[in-house]
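Single-letter residue listing:
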Amino acid sequence: MKALVYDGPREVHVKDVPDARIEQSTDVLVKITSTNICGSDLHMYEGRTGLEPGMVLGHENLGIVAEVGDAVVKVTTGDRVCLPFNIGCGFCRNCEEGLTAFCLTVHPDPKMAGAAFGFAGMGPFWGGQAEYLRVPFGDFNCLRLPEDAEDKEADYVMLSDIFPTGWHCTRLADMQPGNSVVVYGAGPVGLMAAYSAMIQGASQVMIVDRHPDRLRLAEQIGVTPIDDSIGDPVEQVLDLTGGRGADRGCECVGYQAHDPQGHEDAAMTMNRLVDSVRFTGHIGVVGIFLPQDQNAPDELERNGKIAFDMGKFWFKGQKAGTGQANVKHYNRQLRDLIHQGRATPSWIVSHELPLAEAESGYQHFDARDNGWTKVVLHP
Ligand code: NAD
Ligand code: ZN
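Criteria and thresholds
Along each chain, residues carry numbers from 1 onward, in the same order as the chain's sequence is written. Both sets of labels track the order of writing: A upward for chains, 1 upward for ligands. Note on the predicted model: pLDDT of at least 70 is required for a residue's local features to be given, and 80 or more for side-chain atom pairs to be given and counted; whole-chain, interface and lining totals, by contrast, use all residues. Hydrogens and water are ignored here; the side-chain numbers use all heavy atoms of the structure. UniProt positions are given in the numbering used here, feature names are shortened, and annotations may be inferred rather than shown by experiment. Helix and strand assignments follow DSSP, with helices taken as H or I runs no shorter than four residues and strands as E runs no shorter than two, numbered in order from the N terminus. Only protein chains enter the calculation, and the probe is 1.4 Å; a residue is then buried if its accessible area is under 20% of its type maximum, exposed if over 50%, and partly exposed in between. Contacts were defined at the residue level, with two residues in contact if any of their heavy atoms lie within 4.5 Å. For this analysis, a nonpolar core means a set of buried residues of the types Ala, Val, Leu, Ile, Met, Phe, Trp, Tyr and Cys, connected via side-chain atoms within 4.5 Å. Water is not among the atoms examined, so metal sites may look incomplete; donors are the N, O and S atoms within 2.8 Å of the metal, or within 3.2 Å for Na, K and Ca. Angular criteria define each label, namely tetrahedral for four donors with all angles between 85 and 135 degrees, square planar for four and octahedral for six donors with opposite donors over 155 degrees apart and remaining angles between 65 and 115, and irregular for whatever fails these tests. Axis definition: a line fit to C-alpha positions, over the contact stretch in the case of helices; interaxial angles, taken between N-to-C directions, run 0 to 180 degrees. Each angle is binned into one of four classes, with values under 35 degrees roughly parallel, values over 145 roughly antiparallel, values of 65 to 115 roughly perpendicular, and all other values oblique. With the far helix as reference, a near helix turned anticlockwise by less than a right angle produces a left-handed crossing, and one turned clockwise produces a right-handed crossing. Asp, Glu, Lys and Arg are counted as charged, while Ala, Val, Leu, Ile, Met, Phe, Trp, Tyr, Cys and Pro are counted as nonpolar; the rest, among them Gly, fall into the polar class. For two strands to pair, DSSP has to find at least two bridges joining them. Throughout this document, a residue counts as near a molecule or strand when at least one of its heavy atoms sits within 4 Å of that molecule or strand. N or O atoms closer than or at 3.5 Å make up a polar contact, with two conditions inside protein: a donor-capable atom paired with an acceptor-capable one, and, for residues adjacent in sequence, both atoms drawn from side chains. All accessibility values rest on the Shrake-Rupley procedure with a 1.4 Å probe; residue burial counts only the protein chains present in the view.

As annotated in an unreviewed UniProt entry, the chain carries the name Glutathione-independent formaldehyde dehydrogenase and comes from Nocardia rhamnosiphila. Looking at the Cofactor (unreviewed entry) heading of the UniProt record, one finds this comment for the chain: "Zn(2+)". Reading the Sequence similarities (unreviewed entry) entry of the UniProt record for the chain gives the comment "Belongs to the zinc-containing alcohol dehydrogenase family."

Here it is as structure tokens:
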């Protein structure tokens, strides 16, 4: 089959690889029809993760069930399904509690929790930027879509990651109707966090970035854009909130935070959030903090240590929630919002390309070229 393979930093190629196939009786094989490029793919693409060449990327997948294993009972051939980016077993202690991003069964390393398609450090599972995808524990991981699946494919494919991840960020921040919310990062994830806050009845939503095209998109859905290239974003948030700060904050940038001049500081957005959010306010953190020291012997130790101002965070009595989104936990509800016309996350899509043009999609999205907000690939 054809697939997008990681061959090294900024080297991804569409080429022939062995066909994905049923390996376990609980597997489902999906013929992929839509698969997105994500900001998380850029961690691998930019060579920051030490991923071994050969991995098929792609964790935001939707398609048609082509084959099911002998032990699969719910999903059948021909079903249109969306796949959460994280792979859960459905029966471990964490999955039972809805914490499917921290599944204790699927990752082959017993010290790790959580597994994902096409991702460094998240198990050996190939991704879906390919013609076919093997889905472990298919009954649990396939979200069946209603009869409008084909018409609303560009909406439903956002259920695989960024819509639930943006939503998760607002839940980690315990956002309540009437709250003011500031989001750092107007990439696809930040835009979906802002959108989720709007849908859930925030009184005021602000978003910080410096790319005019991304800020303009946010403005179109009623979010107040804050351009950090024309002034201190913290001061702008304080001005907009009567000096008090926002009730809730969302971190949607991660360790690759930089200032408008391009100087990197992985702790920048966390420290700005503490300053932008009011005393006793809450902060959700979905931006990823990835390896700073790729040579550390232990997988968890390789994770990012940042110069976060714990003292100020403590003094302000704030709370924070972190981590990967438990996509499965939100999937059915968000699917039904789309089905009923109450949510249309496809407004984020800027480009739809055949899989054969994936390399150029990666280049443009990685460069954050004007207008390249979210790329959907069609194998
Ligand atoms: P992206 O790289 O397209 O967007 C990041 C945005 O942040 C860019 O528009 C960039 O200009 C902006 N930015 C950079 N520095 C900034 C700063 N100092 N202040 C404000 N904005 C700044 O990526 P994305 O797809 O939107 O993903 C965002 C993050 O979320 C990534 O770290 C990604 O890996 C992570 N993510 C997490 C989950 C999860 O489950 N927790 C899921 C998907 C993605
Ligand atoms: Zn993603």
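Anyway, onward from the coordinates.
Trainee: Even after reading the chapter, I still don't get unusual backbone geometry, so can you show me in this structure?
Mentor: Trans is the common state for peptide bonds, and a negative phi is the common state for residues other than glycine. Even without being glycine, Phe-137 reaches a positive phi, approximately 45°. Residue placement: Phe-137 occurs in the loop between strand E6 (132–135) and helix H3 (138–141). In this structure, Arg-368 is a non-glycine residue whose phi angle is positive, near 50°. Secondary-structure assignment places Arg-368 in the loop between helix H12 (358–366) and strand E15 (375–378). You can call Arg-368 partly exposed: its relative accessible area is 28%.

Trainee: What is the right way to look at the UniProt feature "domain: Alcohol dehydrogenase-like N-terminal" (unreviewed entry) in the chain in this model?
Mentor: Per the UniProt annotation, the sites labelled "domain: Alcohol dehydrogenase-like N-terminal" (unreviewed entry) are residues 25–138. Taken end to end, residues 25–138 has its terminal C-alpha atoms 10 Å apart, with 11% of it in helix and 23% in strand.

Trainee: What exactly am I supposed to notice about helix H7 (residues 212–220) here?
Mentor: Structurally, the α-helix is built with 3.6 residues per turn, so residues lying three or four positions apart point the same way. Taken together, the buried positions of H7 are Asp-213, Arg-214, Leu-215, Leu-217 and Ala-218. Contacts made by the buried residues of H7 are with helix H6 (188–199), strand E9 (204–209), strand E10 (224–227) and H12. Gly-222 occupies a position one or two residues after H7 and carries a positive phi of about 95°.

Trainee: Looking at this structure, I do not really get the nonpolar core. What am I missing?
Mentor: The nonpolar side chains of a soluble globular protein tend to be buried with one another. Counting residues in hydrophobic clusters, the biggest one holds 41 residues, and the most contacted among them are Leu-145, Leu-159, Phe-163, Val-183, Leu-191, Ile-207 and Cys-252. If we skip the residues at most four places from it in the chain, Cys-252 touches Cys-169, Val-183, Tyr-184, Gly-185, Val-189, Gly-190, Ala-193, Val-286 and Gly-287. Core analysis: the second largest hydrophobic core is formed by 25 residues, Met-55, Ala-120, Met-122 and Phe-365 among them.

Trainee: I tried to follow the coordination of the zinc ion (ligand 2) on my own but got confused; where do I start?
Mentor: Ideal geometry at a metal gives 109.5 degrees between four tetrahedral donors and either 90 or 180 degrees between six octahedral ones. Those donors, Cys-38 (SG), His-59 (NE2), Glu-60 (OE) and Asp-161 (OD), are the protein atoms that reach the zinc ion (ligand 2), and they lie 1.9 to 2.2 Å from it. The coordination sphere of the zinc ion (ligand 2) comprises four donor atoms, whose angles at the metal cover 92 to 129°; the geometry is tetrahedral. When the donors of the zinc ion (ligand 2) are listed by position in the chain, the intervening gaps give C-x20-H-E-x100-D. Here Asp-161 lies in the loop between helix H4 (153–156) and helix H5 (162–172) and His-59 lies in the loop between helix H1 (39–45) and strand E4 (61–68), a separation of 102 residues in the sequence. Residue classification places His-59 among the buried positions, given a relative accessible area of 0%. Given a relative accessible area of 5%, Asp-161 falls into the buried group.

Trainee: Is there a simple way to explain the packing of H5 against H6 in this structure?
Mentor: Helix-helix packing is described using two parameters, namely the angle between the two axes and the distance between the axes. Closest axis-to-axis distance for the H5/H6 pair is 7 Å, and the angle between their directions is 60°. Of the possible angle classes, the one that applies to H5 and H6 is oblique. As for how H5 packs across H6, the hand of that crossing is right-handed. On H6, the residues that touch Ile-162, Phe-163, Thr-165, Gly-166, Trp-167, Cys-169 and Thr-170 of H5 are Pro-188, Val-189, Met-192, Ala-193, Tyr-195, Ser-196, Ala-197 and Ile-199. Its residues assigned to classes, the contact of H5 with H6 shows eleven nonpolar, four polar and no charged.

Trainee: Whenever I open this one, the sheet that holds strand E12 (residues 277–285) confuses me. Can you help?
Mentor: Hydrogen bonds along the backbone pair up the strands of a sheet, which may run parallel or antiparallel. Strand order across the open sheet formed by six strands is E10-E9-E8-E11-E12-E13, with parallel pairing between neighbours. If you trace the sheet from one side to the other, it starts and ends with E10 and strand E13 (319–322), each paired once. Each strand of the sheet is rotated relative to its neighbour by a mean of 20°, with strand direction disregarded. Two strands pair when backbone bridges link them, and strand E11 (residues 246–251) and E12 are joined in this way by five bridges, in the parallel orientation. Each residue of the ladder has a partner; that of Cys-250, found in E12, is Gly-284. Along the sheet face, H6 touches strand E8 (180–184), E9 and E11 and points at about 175° away from the line of E9.

Trainee: Whenever I open this one, the site of ligand 1 confuses me. Can you help?
Mentor: Within the structure, ligand 1 sits among 32 residues, and Ser-40, His-43, Asp-209, Ala-325 and Arg-368 are positioned closest to it. At 3.0 Å from an oxygen atom of ligand 1 is found a main-chain nitrogen or oxygen belonging to Gly-39. One nitrogen or oxygen atom from the side chain of His-211 is found 3.4 Å from an oxygen atom belonging to ligand 1. The protein chains hide 99% of the 870 Å² of surface that ligand 1 would expose on its own. Looking at the shell around ligand 1, the elements that each hand over two or more residues are H1, H6, E9 and helix H9 (268–276). No other element matches H1, which puts three residues into the shell around ligand 1.

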